[in-house]
Amino acid sequence: MHSAMSDLHKRYDRARGIINQMKKREDALEDEIRQLQEELRNSEDNCRYISKTCDEKLEEASTKVELVKNETEKDRIMMEASIKRLELENTSWQSKFRDKENSERELIAICDSLMAVKEQEISEARGTEAMELPVCS
């Protein structure tokens, strides 16, 4: 009976040792779970922060792209208007130049006609003078 009691006591001590080891292991695992959960929360917070920052940067970049796009469109429209104005000015100058050329041709024709009339008058006047000169003798 003494040996049975001793055997039972040994089994009890072993079971108690195993239970204590399991309890320590359980506590260690629970601590590790708490630590991992805290790391997970920190990682999730970090991911949310990075995501928010990226969204803000993306929105800012989109806004800048839109502003540049609008500015470029305004510049393009202004350039087209400037080109159109210069084309109209060029057409106007060409028209004025043609008008001046035509006026110049008309003036040359009038001058040529007047010079021809004057030369004819001069030659007629010389012809009558030549006829009057022999009377001097």
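Notes on the structure in this doc start here.

Each value, and the rule that gives it
- Residues numbered from 1 in each chain as written.
- Predicted model: local features only at pLDDT ≥ 70, side-chain atom pairs only at ≥ 80, totals over all residues.
- Heavy atoms only, no water.
- Helix = DSSP H or I, 4+ residues; strand = E, 2+ residues; numbered from the N terminus.
- Rg over C-alpha atoms; globule rule 2.2 N^0.38 Å.
- Buried < 20%, exposed > 50% of the residue type's maximum accessible area, 1.4 Å probe, protein only.
- Areas by Shrake-Rupley, 256 points an atom, 1.4 Å probe, with all protein chains shown as cover.
- Lys, Arg positive; Asp, Glu negative; His and termini not counted.
- Charge placed at Lys NZ, Arg CZ, Asp CG, Glu CD.
- Patch = residues over 30% accessible without salt bridge, like charges linked within 9 Å, V, L, I, M, F, W, Y side chains within 5 Å.
- Salt bridge = Lys/Arg side-chain N within 4 Å of Asp/Glu carboxyl O.

Focus on the overall build of the protein
Argument step 1. Within the protein one finds one helix and zero strands.
Argument step 2. Taking 137 residues into account, the globule formula puts the C-alpha radius of gyration at 14 Å, and the protein, at 58 Å, lies well above it.
Argument step 3. Expressed as lengths along the three principal axes of its C-alpha atoms, the size of the protein is roughly 200 × 20 × 15 Å.
Argument step 4. Taken across its 137 residues, the protein has 0% of its residues classed as buried.
Argument step 5. Summing over all exposed atoms, the protein offers an accessible surface of approximately 13,200 Å²; the carbon and sulfur share of this is 59%.
Argument step 6. With 24 positive and 32 negative side-chain charges, the protein shows a spacing of 15 Å between the two charge centroids.

A closer look at a nonpolar patch on the surface
Argument step 1. Nonpolar side chains collect at one region of the surface, where Leu107, Ile110 and Leu114 lie side by side and expose about 310 Å² of accessible area between them.
Argument step 2. Relative to the assigned elements, Leu107 resides in helix 1 (residues 2-132).

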